[in-house]
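Structural overview
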Amino acid sequence: MLNQKIKCLDYNVFDEVLIYYTSDRILTGFCFVDGDTNDIKIQIVFEVDNIQFESKYILVDPKDFINIEIGDILLFRTNGTLKNIFRINSLDNVLFITEQCNNNCLMCSQPPKNINDLDYYYNLNSKLIEILPYSVLKIGITGGEPTILNDRLIVLINQIATKFPEIEIQLLSNGRQFSDIHYVHKLSEIGKKNLFIGIPLHSDFYVDHDYISQSNNAFNQTLKGLYNLARYSFSIELRVIVNKINYKRLEKISDYIFKNLPFINHVAFMGMEYIGLVPKYNKIIWIDPIEYKEDLKKSVLNLSSWGINVSVFNIPLCLLDENLIIYSVKSISDWKVKYFLQCEDCILKVDCGGSFGTSLKHSPNIKPIFN
Amino acid sequence: MYYLLPFRFERLDNYEILVNEVGDYLICPIETSNKIVSKQINENDEIYKDLISNFFISKTPIPALIDNFATRYRTKKSFLDNFTSLHIFVMTVRCNQNCIYCQASSKETDHIIYDISYETLDFSIDLMFKSPSPFITMEFQGGEPTLVFDKIKYAIEKSEILNISKEKKITYVLCTNSVELNDNILNLCKIYNVLISTSLDGPEFLHNKNRGKKNSYQKVIEGIDNARNFLGHDRISALMTTSFFSLDYPKEIIDSYIENGFSNIFLRALNPYGLVYKANDMKNYYSRFINFYKIALDYIIEINNKGFYFEESFTSIILKKILTPFSVGFVDLQSPAGIINSVVVYNYDGFVYASDESRMLAEHNDYTFRLGSVKDEYLNLFYGEKVIKIAKTWSNEALTGCSDCAFQAYCGADPVRNYTTQNDFEGFRPTSSFCLKNKAIIKHLFSLIINRTDEVMPVFKSWLNQN
């Protein structure tokens, strides 16, 4: 599997290192499958300043090594694992800022952890930005809640915007930190032109929003944050993750968005992924998209009729009202997407974004469309 | 427990319409207001969520999102941001038509005392440039302004030169009956991007009858065609006035607008100025006008639902106030009023007036709304004693009968009209024709929104998205 060319950017093997997969330097690598566990393991040999280093056996997550390509950046970690953290031909690359979050949303697909990882990821990301190739068009910033990094997040964004003046940066945040106008002001002084900020809105009613995000005052802070961002003309995408608690007010949420947040650039209604906290809170939060078909239709068409850009993410076409098909976006990353056996007969399969392959449960209503 | 935020309500059909301070509405069952005020709304009721999220009630005495709400209020009132933007120049009151409803007291004469002087023009243009607004509309009115073409040309050219240093965005509008649109005029319009606003009352028999002339319609249509060919189709807009005679022909009027290539109409009621009509006649007129408007609007909705885009512009203005969070700059229906805040008139007589209607009063020797001479200082005119006095009654938030009206946010104040029709600046709502007409139209629109949602909303939204 790996018998090729790897350039190592940091020769201290005791540290975690970023390995830039390139054709410059020829090194060897051995790959084998552990007979007991079926794990794929590799060992790489790399050369820096004429000194050869041999890595430990590295456990490989197969999903990171599907279609590895020249230009990808791998992270070789001290625990002996190797992770593909930047894919040269992907538009879904992200800088992961932290596992911490000041919300704890009931349907979070990557539940936050209360660990002090800010320095670790800050250093890693800073190094990663340094070596990112100039061909990068788009980069995401995600977590956890990235703004927990506070001012150093702005430093990172500045680092990106300075190196790549034309890049599109998509920052995913719950928006609460932006209720501090000084923070927004500081952010505006750097990457405003490049920045596109995605913020979830769970309800138009603060109690529901706070309950879904399991945090008091979350709604008010997010709403103030949105107004502060608007004041500085940031580009904002509002994300409404449809769930059992908010679906009945979807149309009212859409009215609320048009009346109170008409300055946002895009609204995305999103289906849930049955992973993370969703299985745990299954009874309170999970809902089959087919059950909110009508509510979703009304709210999407309502916003669209007011000239607001609106899309539907993460819901297979067979669970959507036919009027919404044109709003559906293939939003699930290539390596995550899944189509079922019955999907083979569906005439809309090519246009369909499919389902989450990572989801532990799927709607029983997924069925082929024939006409 | 919860606290009340300011809101107003009105019963309509079997509902209560609740409207908050920024004009957002909720359609609720009868008795809802009473329940809200007597604190009978339960936190588990769905309506409790609606009321909280739409700023009708609050969990705390001051809502947590008061700053956001303030931003929304500022947005709704943002027509005030730049102060006076519409500057009307009454170039002459001479006219070559003889309209039966003429509000401008035009004169069929050659007497040049009815024309604006170059000196008045100079002073007026200087005043116009003193406006803080970066956007200026310079509108030429009459009488028939094309009768003094040289002065229009002079005024535009002078403004262009002064604007080299002032750097304002100027839009020129020429209000003309289009009867004498010759090449000189059209050339000037072409060079300076002048918009032409003309009058068309409907089909030939009706237009001619309103004009008191036999061939007016034919001349106007020729003028419109000529101007469209020369300047482009969208550079000419038309305005109609609903005379007593017009009231019987709503569909014919709309058909004639469509036949003549217009994609909108502004169903404009007579203004009770010029003192042509008796009070009793006018009362009867407005009830008939409301009926006329309803028939016309139904007809227009039907046309749109057949796939042909055609807008009723007065409806659009009201709907924008009701349905959107945005501000509407329409000088006849705003609070604080359009006079002085948004519009001012430089009259041929050398004086500055608060509005078009104000200078019409002056034709009857009533100078109540004359702010002063064009030779006066800007501050003395725009912030002078007269304006201070008018300002006390130019906000419907502070007028009896308006302050508690559910539709306050959609309506406006008009001290000039109050004074003309009811003898004081405050006015008296129960007998006000302004109130009668606007309230009836707003109620009618709500009734359509509630009872014929699927039929009317796509049409209404298509109009609003166009603007």
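What counts as what
Residues numbered from 1 in each chain as written. Chains lettered and ligands numbered in written order. Predicted model: local features only at pLDDT ≥ 70, side-chain atom pairs only at ≥ 80, totals over all residues. Heavy atoms only, no water. Pairing = 2+ DSSP bridges. Helix = DSSP H or I, 4+ residues; strand = E, 2+ residues; numbered from the N terminus. Axes fitted to C-alpha atoms, helices over the stretch in contact; angles between N-to-C directions. Contact = heavy atoms within 4.5 Å. Buried area = accessible area lost by both parts, 1.4 Å probe. Salt bridge = Lys/Arg side-chain N within 4 Å of Asp/Glu carboxyl O. Polar contact = N/O pair within 3.5 Å; in protein donor to acceptor, adjacent residues only side chain to side chain. Domains from an automatic or database assignment. Nonpolar A, V, L, I, M, F, W, Y, C, P; charged D, E, K, R; others polar. Buried < 20%, exposed > 50% of the residue type's maximum accessible area, 1.4 Å probe, protein only.

**Considering the sheet that holds strand S9 (residues 195-199) of chain B**
All names here are of chain B. Reading across from one edge, S12-S10-S9-S8-S7-S6-S14-S15-S16 is the order of the nine strands in this open sheet, with mixed pairing throughout. The open sheet terminates on both sides in strands that have one partner only, identified here as strand S12 (267-269) and strand S16 (370-373). When strand polarity is set aside, the average angle formed by the axes of neighbouring strands in this sheet is 25°. Note that strand S6 (residues 86-90) and strand S14 (residues 343-346) share four bridges and pair parallel. Bridged to His87 within S14 is Val344.

**Here's the deal with the interface of chain B and chain A**
Between chain B and chain A, the residue contacts involve 22 residues of the former and 20 residues of the latter. Buried area between chain B and chain A, both sides added, is near 2,000 Å², and the carbon and sulfur share of it is 57%. A per-residue breakdown of the area chain B buries against chain A is headed by B:Lys49, B:Leu65 and B:Lys461, which together make up 26% of the total. At the junction of chain B with chain A, the criterion picks out five salt bridges. Note that A:Arg249 is salt-bridged to B:Asp50, the shortest N-O span being 2.7 Å. There are eleven residue pairs in polar contact (both at pLDDT 80 or more) connecting chain B and chain A. Elements with a contribution of two residues or more to the side of chain B that touches chain A: helix H2 (46-53), helix H3 (66-76), helix H11 (313-323) and helix H17 (453-466) of chain B. Of the residues forming the side of chain B that touches chain A, the biggest block, six residues, is contributed by H2(B).

**Thoughts on the domain arrangement of chain B**
Bring the parts together and some accessible area is lost; that lost area is often taken as the interface size. Residues and elements named next belong to chain B. Taken domain by domain, chain B comprises domain 1 (3-76) and domain 2 (83-352). Between the C-alpha centres of domain 1 and domain 2 there is a distance of 39 Å. On the side of domain 2, eight residues touch domain 1, which itself brings five residues to the contact. Across the domain 1 to domain 2 interface the summed buried area is about 480 Å²; carbon plus sulfur atoms make up 44%. A per-residue breakdown of the area domain 1 buries against domain 2 is headed by Tyr25, Thr75 and Lys76, which together make up 78% of the total. The interface formed by domain 1 and domain 2 includes zero salt bridges. The interface formed by domain 1 and domain 2 contains three residue pairs in polar contact (both at pLDDT 80 or more). If you tally residues by element for the side of domain 1 that touches domain 2, the top one is H3, at three residues. The class makeup of the residues in the side of domain 1 that touches domain 2 is one nonpolar, two polar and two charged.

**Considerations on the side chain of B:His444**
All names here are of chain B. In this structure, His444 sits in helix H16 (residues 433-451). Overall, the relative accessible area of 14% leaves His444 in the buried class. When residues no more than four places from it in sequence are discounted, the contact partners of His444 are Tyr293, Lys294 and Leu297.

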